[in-house]
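Take a look at the letters that make up each chain.
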4 protein chains.
Amino acid sequence: MKALVYGGPGKKSWTEVPDPVIESPTDVIVRLDTTTICGTDLHILKGDVPAVTSGRILGHEGVGHITKVGSSVTSLKVGDRVLISCIKSCGSCPNCKMGLYSHCLGSEGASGIGWVFGHLINGTQAEMVRVPYAENSLYKLPDSVSDAEAVMLSDIFPTGFEIGVQYGGVKPGDVVAVIGAGPVGLAAIATAGLYGAAKIIAIDLDSNRLEKSREFGATDVVLSGESDWKKKVFALTDGAGVDVAIEAVGVPDTFTMATEIVRPGGHVANVGVHGKEVPLHVENLWIQNIFISMGLVNTNTTPMLLKLVESKKLPAEKMATHRFNFDQFMDAYDTFSRAAETKALKVLISR
Amino acid sequence: MKALVYGGPGKKSWTEVPDPVIESPTDVIVRLDTTTICGTDLHILKGDVPAVTSGRILGHEGVGHITKVGSSVTSLKVGDRVLISCIKSCGSCPNCKMGLYSHCLGSEGASGIGWVFGHLINGTQAEMVRVPYAENSLYKLPDSVSDAEAVMLSDIFPTGFEIGVQYGGVKPGDVVAVIGAGPVGLAAIATAGLYGAAKIIAIDLDSNRLEKSREFGATDVVLSGESDWKKKVFALTDGAGVDVAIEAVGVPDTFTMATEIVRPGGHVANVGVHGKEVPLHVENLWIQNIFISMGLVNTNTTPMLLKLVESKKLPAEKMATHRFNFDQFMDAYDTFSRAAETKALKVLISR
Amino acid sequence: MKALVYGGPGKKSWTEVPDPVIESPTDVIVRLDTTTICGTDLHILKGDVPAVTSGRILGHEGVGHITKVGSSVTSLKVGDRVLISCIKSCGSCPNCKMGLYSHCLGSEGASGIGWVFGHLINGTQAEMVRVPYAENSLYKLPDSVSDAEAVMLSDIFPTGFEIGVQYGGVKPGDVVAVIGAGPVGLAAIATAGLYGAAKIIAIDLDSNRLEKSREFGATDVVLSGESDWKKKVFALTDGAGVDVAIEAVGVPDTFTMATEIVRPGGHVANVGVHGKEVPLHVENLWIQNIFISMGLVNTNTTPMLLKLVESKKLPAEKMATHRFNFDQFMDAYDTFSRAAETKALKVLISR
Amino acid sequence: MKALVYGGPGKKSWTEVPDPVIESPTDVIVRLDTTTICGTDLHILKGDVPAVTSGRILGHEGVGHITKVGSSVTSLKVGDRVLISCIKSCGSCPNCKMGLYSHCLGSEGASGIGWVFGHLINGTQAEMVRVPYAENSLYKLPDSVSDAEAVMLSDIFPTGFEIGVQYGGVKPGDVVAVIGAGPVGLAAIATAGLYGAAKIIAIDLDSNRLEKSREFGATDVVLSGESDWKKKVFALTDGAGVDVAIEAVGVPDTFTMATEIVRPGGHVANVGVHGKEVPLHVENLWIQNIFISMGLVNTNTTPMLLKLVESKKLPAEKMATHRFNFDQFMDAYDTFSRAAETKALKVLISR
């Protein structure tokens, strides 16, 4: 088969590789119909994630059909159309039992659980992929849900909802600010209404993305490059500060911005992936009664989000801005890597 | 009357001052029977809290009898024996309605709500004190609750319980670590069982305090000065890390310690009062699915804690290690300021 | 002034009565701009609520302007445009402190707290009304909220949301069934989305009301008169039963219907006002892991709902189907009492 | 092997039967060390549970060692000492994913999930038992936990805690009443403190059981046969009613008692197994803002309760009042069936 293979920092190719095979009784082989590219893949390509070694097939999102099932798999069968979740988990360890799939402890002797696709094992930017612990990682898709909708549930929507909206404790009537209107930030914006947010303020440096954010449910937008951005946010909250500030960028400045606009009693939900420490101003914040959360998506809300997509209550498909075929994979990367210019949110690559 | 008056950095005296008077219809005057000293008072005396100006009567904890009531006070009367809460709040603003008394917005035009005693208005280290918004700040005491028990509910116990145990989300079966076994840390230790903690690990540099912590409910103790302290904590949790790490000191090192021993999915509850920023290692923590909280006590659990003291379910009285009369106030400060040496937890000063 | 006065079973008149006066320092007098009629008023007129005696002014919903304030009222002033909440509460007793305004214990010696308007004291179907504990019962209205929107927040919307949606524990992705598509049922339908319901099934005997329910957010409708209604509900839930069944009628049959369509682990939220006991089939239900709730509205979500109306996130105004002037009050009652025929939901009576 | 075999209504024998064998790859065979008898077994013997047919081995509680494991079992091995949970569940269906093991949907085509031991399949009152879905139903036991302690976690303690205390929403400071001080009621009494109950009132007709209840944590006791029992309960709550009323008997009268002593805003948690409908007085209760719950134990708190037993925080062993050998099984039944006379709580039958 062909796959997108990492060749060390700065190098990648869409090239011929051996087909995946069943390695464990709980494995399944999926033939991909649609996959996509994540910002994390760009980080890997820069060489920022040393655990990813040369020869690795990238990608952790996808939709496809099952072509083979391991001997102990009973709830899935060849031919099923499935969503591939970005997180692998055994479903039975103490962490999985409490829904903390991101920190699956696996069975004795197992390793590489949690986010492993395109990281510690071969990923989904390929014609086929081996899915470990398949019964806890694949979700059968109803016909009424398109590939474009479904692939947004591999990572983007569960991440924005679980780590942004749920960890942030959004509740009816809240004012929610989302700093960073990229795909995950937009997913947070689109799902904040699931807990009844009254106002959803998108904050970004890019006015194009702010405009886009309105389509996903932002009620107000603030351009963060302007010197009075903070004043504008407070004006939208009668001077009180926001109930929930969701950080969806991953740099120190945006983290600090979130702590500066949250009201006493409010929440800061960090969704961004950070590369360095941030100074936490506890000398001011200790008395503010605030809650700060952060984490990797568990994907335990995936079935619920799938129901909402089926009910047409989530604008998942709007996230797909560009479409390519598998043999245009290099073009897809080019378009996605120049997102500011191409206005790409998520690029779909399909069979 | 006599009172403990701040005279600028390093200066204090037990001296004659005018009696307090009713200033607003919601005020009450309380004649103190017992008061105590808080670590915050020592900070003020060092000059660390510039808002406190020379001439201010210190103290925010106390028990006494009502001698006068304002014209709109209906639920309290002269002669009532009451607990004075450290937090003043109007009870009717939006923040008060949600139980966030620490961030009371007050009535229009009001100021200085929240922690004001011995800070922005005269405090409780005096023979008498004026209590604003009295109906929302005083609690009638049953005869069966002693002064020594009650005064621990002015600040220490609600702080340890609300900001440590409740904000930390302690639940049945949890392993809870409390870093810092001073009065507030011990209050957290004593109340962690209210949500069914299975193990409560006290961590401190002082082996005397660790020994004391067992009387308050610590099931395990770890001396933090030893190089393998962290290894010992992990050994007590089968290598997983603690469910809840409560920081009850207020310096960067102990905050960082808390983030290093918490398990994925766990909580860090900061109770300490901090004077400078701490580095938050989000480059490691972002993927750990942790929750960090901090705040000033709301005292909205005071009536509940009072019921538990009445039921003899909280060891409040054990906190009182030394007792003085009002005319020994300077000695009380001396004993409390040399706590490591005198083994003082809370010193009581009574009529 | 003129008012709608109850004259004993079957008798009412729009007639001249004395103006209300301030009786307590916490009272306020409101001059009504708009009021409405509730199903409860019809019950009272039948003589079903013996506590209501001849001479009582009916009504517990309304919007108006303040004309007088009691001496201890500080946060409201003459001229303020306000929403009148159907529940009176002191705001400071233990029940009020926990948000249980419906069971306000009042001050010592006080009585008649909770639902009192048009019941134990004179109500809002009048040109003016005395509002006790005004600071905890009146909400200042922004100009952007119309009378028609605001008056739906006196009772209908908080009741549907608090007792239906919140007590029912609706959560994102849930299938919610609402039995009875009258005003309160429609309010539950309209607010179920605040906690992210995926499907909202309206169930009623009246196909006109079912059609109307779609405007308020029902995704599916089931005519309960048909013999296979239950089969249809299960078909909408893949045979599992609904997550939350909200009873909004108040008779034994509809209560039993709710317990028959709820899935294991689900909730039955009773909103209806009942006049007789219902048989609870615990011989079947004990093993079903279900939760049943019931209660009088607390109105503690009124400020939040008001924010949502202001954000145009709730279709409050759609509830107003007919409009009258004060001097047409008897016509308004006539229209409302023949709701099946007139298709009335809420009738507005305005100055 | 020998086993306790049901022979139709009124008939049972400790008799020779074939050894169990592995039937599915997820099965495990356990050699029992200790088992016990449940009130449900007595109901079955009376013929009250028609699903149990002649020839069935009874019992759903037990502790033992693993002697054989199915081919897909990886986390358990021959020789492991294990606790057998009374509920069988697949661990991967939607209900199991939300912790609702009692309503496990099983794999496609599977049946008899939930409570099946000694009901739909052979049970634990035997020298050996086949355990389906073993990895989700067996818990490895630490050496420090005795058989007598462990077997109380098969059913009694999880039932009292989950269906009584957790479903009842017990919180710190609550007054909890438990109606019925049998084994499950005592388990609720013993675990109410895990959520900080301030007062725990045991209510029973048997003064001996009331006395016993104090050993498990009851702070007050009320003899329900006396005409003023209700007055006594209200006196213990300052006239307010209890926060949580736990019904642990299973007849209409005790259910009604629970609804009569609960305060507005409180919870009724039904733990009893009922055989007939009860009249629910919604004509009075609709306005009381109460919550009623009921259900079959999920056993998802078993690992947590095991940790608490290990920490010596639960008096599990006190439940064992009588001990027998396997060849005295008929005597054990005799003693247990005359509990009022023999003062039996739980009888242990061991190898």
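Residues numbered from 1 in each chain as written. Chains lettered and ligands numbered in written order. Predicted model: local features only at pLDDT ≥ 70, side-chain atom pairs only at ≥ 80, totals over all residues. Heavy atoms only, no water.

K.L.:
Help me get a handle on the relation of the copies chain C and chain A, residues and values and all.
P.N.:
Between chain C and chain A, the superposition needs a rotation of 180 degrees and an axial shift of 0.0 Å, giving an RMSD of 0.0 Å. A rotation of that kind, with that shift, is consistent with a two-fold axis. Considering only C-alpha atoms, the part of chain C nearest the rotation axis is Y195 of chain C, at 2.3 Å. A high fraction, 100%, of the interface residues of chain C reappear at the interface in chain A, so the copies pair face to face through one surface. (Least-squares fit on C-alpha atoms with pLDDT ≥ 70 in both. Contact = heavy atoms within 4.5 Å.)

K.L.:
Give me the environment of M304 of chain A: which residues, what numbers.
P.N.:
Topologically, M304 of chain A is positioned in helix α10 (residues 302-310). Residue M304 of chain A is classed as buried on the basis of its relative accessible area, which comes to 13%. Residues in contact with M304 of chain A, not counting those within four places in the same chain, are F161 of chain A together with P172 and G173 of chain C. (Helix = DSSP H or I, 4+ residues; strand = E, 2+ residues; numbered from the N terminus. Buried < 20%, exposed > 50% of the residue type's maximum accessible area, 1.4 Å probe, protein only.)

K.L.:
Residues and numbers for the interface of chain C and chain A, please.
P.N.:
Contacts between chain C and chain A engage 15 residues on the former and 15 residues on the latter. It is P172, A198 and K313 of chain C that lose the most area in chain C upon contact with chain A, and together they represent 35% of the buried surface on that side. Linking chain C with chain A are zero salt bridges. The interface formed by chain C and chain A includes six residue pairs in polar contact (both at pLDDT 80 or more). Ranked by the residues each element gives to the side of chain C that touches chain A, the list is headed by helix α10 (residues 302-310) of chain C, at three residues. Here the side of chain C that touches chain A is built from residues that sort into eight nonpolar, five polar and two charged. (Buried area = accessible area lost by both parts, 1.4 Å probe. Salt bridge = Lys/Arg side-chain N within 4 Å of Asp/Glu carboxyl O. Polar contact = N/O pair within 3.5 Å; in protein donor to acceptor, adjacent residues only side chain to side chain. Nonpolar A, V, L, I, M, F, W, Y, C, P; charged D, E, K, R; others polar.)

K.L.:
Account for the sheet that holds strand β16 (residues 290-294) of chain C, naming residues and giving values.
P.N.:
One open sheet accounts for 12 strands, arranged β12(C)-β11(C)-β10(C)-β13(C)-β14(C)-β16(C)-β16(D)-β14(D)-β13(D)-β10(D)-β11(D)-β12(D); its pairing is mixed. Of all strands in the sheet, those bounded by a partner on one side alone are β12 (220-223) of chain C together with β12 (220-223) of chain D. Averaged over all pairs of adjacent strands, the angle between their axes in this sheet comes to 15 degrees, without regard to strand direction. Where β16 of chain C meets strand β16 (residues 290-294) of chain D, five bridges bridge the pair, whose relative direction is antiparallel. Counterpart to S293 of chain C in the pairing with β16 of chain D is F291 of chain D. Along the sheet, helix α8 (residues 252-261) of chain C contacts β10 (175-179), β11 (199-204), β13 (242-247), β14 (262-270) and β16 of chain C; its crossing angle with β14 of chain C, the most-contacted strand, is approximately 155 degrees. Along the sheet, helix α8 (residues 252-261) of chain D makes contact with β10 (175-179), β11 (199-204), β13 (242-247), β14 (262-270) and β16 of chain D, crossing β14 of chain D at roughly 155 degrees. (Pairing = 2+ DSSP bridges. Axes fitted to C-alpha atoms, helices over the stretch in contact; angles between N-to-C directions.)

K.L.:
Lay out the pattern of salt bridges in plain terms, naming residues and giving numbers.
P.N.:
Residue and element names in this part refer to chain C. Counting across every chain of the model gives 64 salt bridges over all chains. Put simply, E341 and R338 hold a salt bridge, and the shortest N to O gap is 2.8 Å. With a relative accessible area of 59%, E341 lands in the exposed category. Using a relative accessible area of 32% as the deciding quantity, one classes R338 as partly exposed.

K.L.:
Outline the environment of S75 of chain D, listing residues and values.
P.N.:
Residue and element names in this part refer to chain D. Inspection of the secondary structure puts S75 in the loop between β4 (62-69) and β5 (81-84). Under the relative-accessibility criterion, S75 is labelled partly exposed at 32%. A distance of 2.7 Å separates polar atoms of two side chains, one belonging to S75 and the other to E135.

K.L.:
Can you explain the interface of chain B and chain A? Please cite residues and give values.
P.N.:
Across the boundary between the two partners, chain B contributes 36 residues, which contact 36 residues of chain A. Of the roughly 3,100 Å² buried at the junction of chain B and chain A (both faces included), carbon and sulfur atoms supply 67%. Taken as a group, W286, N289 and M294 of chain B account for 23% of the area that chain B buries against chain A, more than any other trio of residues on that side. In this structure, the connection of chain B to chain A is made through zero salt bridges. At the boundary of chain B and chain A, one finds 23 residue pairs in polar contact (both at pLDDT 80 or more). If you list the elements that add at least two residues to the side of chain B that touches chain A, you get β14 (262-270), β15 (278-280), α9 (282-285) and β16 (290-294) of chain B. Sort the elements by how many residues they give to the side of chain B that touches chain A and β16 of chain B lands first, with five residues. Partitioning the side of chain B that touches chain A into residue classes produces 19 nonpolar, 13 polar and four charged.

K.L.:
Tell me what's going on with the relation of the copies chain B and chain A, and back it up with residues and numbers.
P.N.:
Mapping chain B onto chain A leaves a residual RMSD of 0.0 Å; the transformation is a rotation of 180 degrees accompanied by 0.0 Å of translation along its axis. Both copies contact each other with a shared surface, as 100% of the interface residues of chain B are interface residues in chain A too.

K.L.:
Talk me through the packing of aromatic side chains; I want residue IDs and the actual numbers.
P.N.:
Applying the stated criterion to the full structure yields 24 aromatic pairs over all chains. One aromatic cluster in this structure is built from W14, F326, F329 and Y333 of chain A. (Phe/Tyr/Trp six-rings, centres within 6.5 Å; stacked < 30°, edge-to-face > 60°.)

K.L.:
Lay out helix α1 (residues 39-46) of chain B in plain terms, naming residues and giving numbers.
P.N.:
Residues and elements named next belong to chain B. Restricting attention to buried positions, one finds in α1 the residues D41, I44 and L45. Angular distribution of buried residues about the axis of α1 spans 100 degrees; they occupy a single face of the element. Among the structural elements, β1 (2-6), β2 (12-16), β3 (28-36), β7 (114-115) and α11 (329-337) are those in contact with the buried residues of α1. Count one or two residues on from α1 and you reach G47, which has phi positive near 90 degrees. (Arc of directions from axis to C-beta.)

K.L.:
So what about the side chain of T36 of chain B? Which residues, and what values?
P.N.:
Within the secondary structure, T36 of chain B is located in strand β3. Among all residues touching T36 of chain B, those that are not within four sequence positions of it are D41, E61, Q125, V151, K346, V347 and I349 of chain B.

K.L.:
Give me the packing of helix α4 (residues 156-166) of chain A against α10 of chain A: which residues, what numbers.
P.N.:
Residue and element names in this part refer to chain A. Between α4 and α10, the least distance of the axes is 10 Å, while the angle of their chain directions is 110 degrees. As the angle between them shows, α4 and α10 are arranged roughly perpendicular. Relative to α10, the crossing made by α4 is right-handed. Contacts between α4 and α10 involve F157, P158, F161 and E162 from the first element and T302, M304 and L305 from the second. (Parallel < 35°, antiparallel > 145°, perpendicular 65-115°, else oblique. Left-handed = near helix turned anticlockwise from the far one by under 90°.)

K.L.:
Which residues make up the sheet that holds strand β13 (residues 242-247) of chain A, and what values do they have?
P.N.:
Spatially, the 12 strands line up as an open sheet ordered β12(A)-β11(A)-β10(A)-β13(A)-β14(A)-β16(A)-β16(B)-β14(B)-β13(B)-β10(B)-β11(B)-β12(B), and their pairing is mixed. In this open sheet, the two strands that pair with only one neighbour each are β12 (220-223) of chain A together with β12 (220-223) of chain B. On average, adjacent strands in this sheet sit at an angle of 15 degrees to one another, irrespective of strand direction. Where α4 of chain A meets the sheet, it contacts β13, β14 (262-270) and β16 (290-294) of chain A, and its direction lies at approximately 155 degrees from that of β14 of chain A.

K.L.:
Mind laying out unusual backbone geometry, listing which residues take part and the relevant values?
P.N.:
If you check the backbone angles, Y133 of chain A has positive phi at about 45 degrees while not being a glycine. Its place among the elements puts Y133 of chain A in the loop between β8 (128-131) and β9 (138-140). At K312 of chain B, a position not held by glycine, the phi torsion is positive, near 60 degrees. By secondary structure assignment, the location of K312 of chain B is in the loop between α10 (302-310) and β17 (320-325).

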